[in-house]
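Structure assessment
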Amino acid sequence: MKILFTADLHLLRATQERTLLKIREWITRYRPDAFVVAGDLSSAQQAADTLKSLRRCFLHGPIAVCLGNHDFWMLGDSRSEPDSLSGIVDRYWLPAAASLDIVLLDAGNLHLQGITIVGGYGHYDLGFAVPGLAYDGILVTEEDYARGSPSASSALRWRDFQFMPCEHPLKEVAREQVEGLRQRMAAAADCRTLVVLHTPPFEELLGVPPLSLAQAGSGPSAYAFFRAYLGNRSMGVLLREAQANLVAVVCGHTHRRAGPLNLGRTIGINIGSDYGAPKGALFLSDSNRFERLLD
Ligand SMILES: [Fe+2]
Ligand SMILES: [Fe+2]
């Protein structure tokens, strides 16, 4: 079994043709048995068009996607829009996925010969935040993280909070995501399982400089603040507990490549695509390894 993975396609008008062309090239060249995208496909209202475009790239093969933070973004007037992530899944992504025979991993597993793909969005639990981060002697607080900005006067913003439904506190959303994955992993029972998440569950998969560097120098960079939103550490705790039949973990979100690397008894990879510059990797289930694709 040969599975093609990618992530962070961000199929925006300006770059989507280039990105889709690359996917078609990969599929023609490598002839995968299945095609999986680890989130950040486009945005909520574009769900149907986006999934149609993916189906056109791989007309008859199994496709699975998990959602990314951008896939919950609602652009324009959102007064009548769902106020929860699950509301967006139900209104936009599930109907489109079902009509195109695409498995939405946030709602169910993809069963392939000898391996089950389990996944979901993931979110962030502030577990990768820089400890004791302070600007001009003032500690960044959890309220700052909840607002998405290091201080009331800063122009820097984590933009999810502007466009995603934020009915629940972010740690609660992160916990719900862990619980959802736990249930879908339980449904996979003893099958060999490959987990696909948008947000990294392990520090090693963030693909950003280690904390020691983030803290070095004259003072923390503005970007040190955004480390808090890079992944869900409690998801990693779940995966470490479940390692017996977990063969690999694939993620995206940070737009920085990491791995493939050994994480105990499992392998991890962060795909590392960026806007208009998709990256891909093939998983070869017979030999249990990833091969990154050439650009
Ligand atoms: Fe992304
Ligand atoms: Fe993302």
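Heads up: the structure comes first, above all this text.
Throughout what follows, the structure given in this document is the object of discussion. (Residues numbered from 1 in each chain as written. Chains lettered and ligands numbered in written order. Predicted model: local features only at pLDDT ≥ 70, side-chain atom pairs only at ≥ 80, totals over all residues.)

Okay, the overall build of the chain next. Of regular secondary structure, the chain possesses 8 helices and 14 strands. A compact globule built from 295 residues should have a C-alpha radius of gyration of about 19 Å, and the chain, at 18 Å, falls within 12% of that. Across the 295 residues that make up the chain, the buried fraction comes to 44%. Considering only contacts within the chain whose residues lie at least 6 apart along the sequence, 75% involve residues at least 24 apart. (Helix = DSSP H or I, 4+ residues; strand = E, 2+ residues; numbered from the N terminus. Rg over C-alpha atoms; globule rule 2.2 N^0.38 Å. Buried ≥ 20, exposed ≤ 12 C-beta atoms within 10 Å, placed from the backbone. Contact = placed C-beta atoms within 7 Å.)

In spatial order, the strands read β4-β3-β2-β1-β13-β14; together these 6 strands make up an open sheet with mixed pairing. Here the strands that pair on one side only, and so sit at the sheet edges, are β4 (102-104) and β14 (289-292). The sheet shows a mean angle of 25° between the axes of neighbouring strands, taken without regard to direction. Packing of helix α1 (residues 16-30) onto the sheet brings it into contact with β1 (2-6), β2 (34-38) and β13 (280-284), and relative to β1 it is tilted by some 165°. Here helix α2 (residues 47-57) sits on the sheet and contacts β2, β3 (63-66) and β4; the angle it forms with β4, its principal contact strand, is near 130°. (Pairing = 2+ DSSP bridges. Axes fitted to C-alpha atoms, helices over the stretch in contact; angles between N-to-C directions.)

Let us now look at the environment of A98. On the secondary structure map, A98 appears in helix α3 (residues 85-99). Considered as a pair, A98 and F58 are 40 residues apart in the sequence and their alpha carbons are 16 Å apart.

What follows covers the nonpolar core. Residues V36, A38, L105 and V196 are the most contacted members of the largest nonpolar core, which totals 83 residues. Looking at this core element by element, the count peaks at 7 residues for helix α6 (residues 170-188). Among residues more than four places away in sequence, those in contact with A38 are F5, A7, C66, V196, L197, H198, V250, C251, G252 and I271. (Core = buried A, V, L, I, M, F, W, Y, C linked by C-beta atoms within 7 Å.)

Attention now goes to the pairing of β13. Pairing of β1 with β13 involves 5 bridges; the strand directions are antiparallel. Looking at β13, one finds that K2 is bridged to L284. Once β13 ends, the chain turns through 4 residues before running back antiparallel as β14, passing N288 with a positive phi of about 55°.

We now examine the sheet that holds strand β12 (residues 266-270). Within the open sheet, the 6 strands sit side by side as β5-β6-β9-β10-β12-β11. Their pairing is mixed. Each edge of the open sheet is held by one strand with a lone partner, namely β5 (110-112) and β11 (258-263). Across the sheet, the mean angle separating the axes of adjacent strands is 15° when strand polarity is ignored. With 4 bridges joining them, strand β10 (residues 246-251) and β12 adopt parallel strand pairing. Bridge pairing in β12 places A248 opposite I267.

Before going further, it helps to examine α3. The end-to-end C-alpha distance of α3 is 20 Å, a good match for the 21 Å that 15 residues give at a rise of 1.5 Å each. The sharpest bend along α3 comes to roughly 40°, located at W93, with the proline P95 sitting one to four residues further on. When α3 is considered as a whole, its buried residues turn out to be L85, I88, V89, Y92, W93 and A97. On its buried face, α3 is in contact with α2, β4 and α6. In the segment just after α3, D101 is the residue with positive phi, at about 55°. (Expected span 1.5 Å × (residues − 1). Bend = angle between axes of the 7 residues up to and from the residue.)

In this model, G259 is joined to P260 through a cis peptide bond whose omega is 10°. Along the polypeptide, P260 turns up in strand β11. At L126, a residue that is not glycine, the phi angle is positive and equals roughly 70°. Its place among the elements puts L126 in the loop between β6 (115-120) and β7 (134-135).

What follows deals with the pairing of β14. Regular strands place their side chains on alternate faces of the sheet. With 4 bridges connecting them, β13 and β14 associate as antiparallel partners. For F283, the partnering residue across the bridge sits in β14 and is F290.

Here we take up α6. Helix length check: α6, at 19 residues, gives a terminal C-alpha distance of 27 Å against a target of 27 Å (1.5 Å per residue), a fit within 8%. Looking at the buried residues of α6, the elements they touch are α3, β6, α4 (142-147), β9 (193-197) and α8 (233-241).

With respect to the helices and strands, F58 occurs in the loop between α2 and β3. Spatially, the C-alpha atoms of F58 and C191 are 26 Å apart, while their sequence positions differ by 133 residues.

With that settled, consider the environment of S80. Here S80 shows up in the loop between β3 and α3. Sequence separation of S80 and Q45 is 35 residues, and the distance between their C-alpha atoms is 13 Å.

So, about the packing of α6 against α8. Packing of α6 against α8 leaves a shortest axis separation of 9 Å and a crossing angle of 20°. It follows that α6 is roughly parallel to α8 by the angle criterion. The way α6 lies across α8 gives a crossing that is right-handed. From α6, A174, Q177, V178, L181 and R182 reach across to α8, where they touch S234, M235 and L238. Classifying every residue of the contact of α6 with α8 gives 5 nonpolar, 2 polar and 1 charged. (Parallel < 35°, antiparallel > 145°, perpendicular 65-115°, else oblique. Left-handed = near helix turned anticlockwise from the far one by under 90°. Nonpolar A, V, L, I, M, F, W, Y, C, P; charged D, E, K, R; others polar.)

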